[in-house]
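# What the coordinates show
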Amino acid sequence: MKPILWLILVAGYGFFTWAAEKRTFAKAALCFWDGGYLAFLCFALLPHVMGTEHFFLSTAAAGGGVLIGLWLERRKKLPVFIFCIVTGCQILWIDPLSLRETLFLAFFGGMGLYYASAGIIPDKIEIGKALFSGAGFLFGTFLFIGL
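The sections below set out a description of the structure shown in this document.

## Topic: the nonpolar core
Of all hydrophobic cores here, the largest spans 28 residues; its most connected members are Phe-16, Phe-40, Leu-41 and Leu-45. Among the secondary structure elements, those contributing two or more residues to this core are α1 (3-19), α2 (24-50), α3 (55-74) and α5 (99-120). Per-element tally for this core: the top contributor is α2, with 13 residues. Setting aside chain neighbours within four positions, we find Leu-41 in contact with Leu-46, Pro-47, Gln-90, Gly-109, Gly-112 and Leu-113.

## Details of the packing of aromatic side chains
Tallied over the full model, the rule gives 5 aromatic pairs. Taking the centre distance of 5.6 Å and the plane angle of 35 degrees together, the rings of Phe-32 and Phe-139 count as tilted. Here the residue Phe-32 occupies a position in helix α2, and Phe-139 occupies one in helix α6 (residues 127-144), the gap between them amounting to 107 residues. Here Phe-55 and Phe-56 contribute two aromatic rings whose centre-to-centre distance is 5.3 Å and whose plane-to-plane angle is 75 degrees, an arrangement assigned as edge-to-face. Aromatic rings pair up to connect Phe-104, Phe-107 and Phe-108 into one cluster.

## Considering the side chain of Asp-34
Locating Asp-34 in the fold gives a position in helix α2. With relative accessibility at 2%, the residue Asp-34 sits in the buried group. Ignoring sequence-local partners within four residues, the contact set of Asp-34 consists of Tyr-13, Ala-116, Gly-119 and Ile-120.

## Overview of a nonpolar patch on the surface
Together, Ile-4, Leu-7 and Ile-8 make up a nonpolar patch on the protein surface, roughly 280 Å² of accessible area in all. Within the element layout of this structure, Leu-7 appears in helix α1. A relative accessible area of 46% places Leu-7 in the partly exposed class.

## So, α3
For α3, built from 20 residues, the straight-helix expectation of 28 Å at 1.5 Å per residue is met to within 8% by its first-to-last C-alpha distance of 29 Å. All of the buried residues along α3 are Ser-58, Ala-61, Ala-62, Gly-65, Gly-69 and Leu-72. Taken around the axis of α3, the buried residues stretch over an arc of 100 degrees, which confines them to a single face. Of the residues in α3, the exposed ones pointing more than 90 degrees away from the buried face are Phe-56, Ala-60, Leu-67 and Arg-74.

About the cut-offs
- Residues numbered from 1 in each chain as written.
- Predicted model: local features only at pLDDT ≥ 70, side-chain atom pairs only at ≥ 80, totals over all residues.
- Heavy atoms only, no water.
- Core = buried A, V, L, I, M, F, W, Y, C linked by side-chain atoms within 4.5 Å.
- Buried < 20%, exposed > 50% of the residue type's maximum accessible area, 1.4 Å probe, protein only.
- Helix = DSSP H or I, 4+ residues; strand = E, 2+ residues; numbered from the N terminus.
- Contact = heavy atoms within 4.5 Å.
- Phe/Tyr/Trp six-rings, centres within 6.5 Å; stacked < 30°, edge-to-face > 60°.
- Patch = residues over 30% accessible without salt bridge, like charges linked within 9 Å, V, L, I, M, F, W, Y side chains within 5 Å.
- Areas by Shrake-Rupley, 256 points an atom, 1.4 Å probe, with all protein chains shown as cover.
- Salt bridge = Lys/Arg side-chain N within 4 Å of Asp/Glu carboxyl O.
- Expected span 1.5 Å × (residues − 1).
- Arc of directions from axis to C-beta.

What follows is the structure, given as structure tokens:
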């Protein structure tokens, strides 16, 4: 994948996270971004990593990433710069993957999965946020399905 995609994801996520505190439109755009990121994880990264001969180890690593993501969020230590690192690691992979690279990507894929899902599933269900998240997921599906 191209590094420009990483730059677009990170810059957009950082901007919308900053702007979401000030504008309603930015909250909707952030939901859209989370939906697109979730589609990237579901259709471009995790099937690639889980399709290796190390399926069970990759699943355990992804589960560990989800747990670490939960732990970091509860301690308010999952800001945008962690998103930058996680997304960069996911986008800059090179084929073929060694066992270490597979586990590394599965771990950060699990962390990203938690991070995107936490942004999509709000504490209180708001129809507008759900619609924008769904639209972002559909857009991301069409964008990442061929990778």
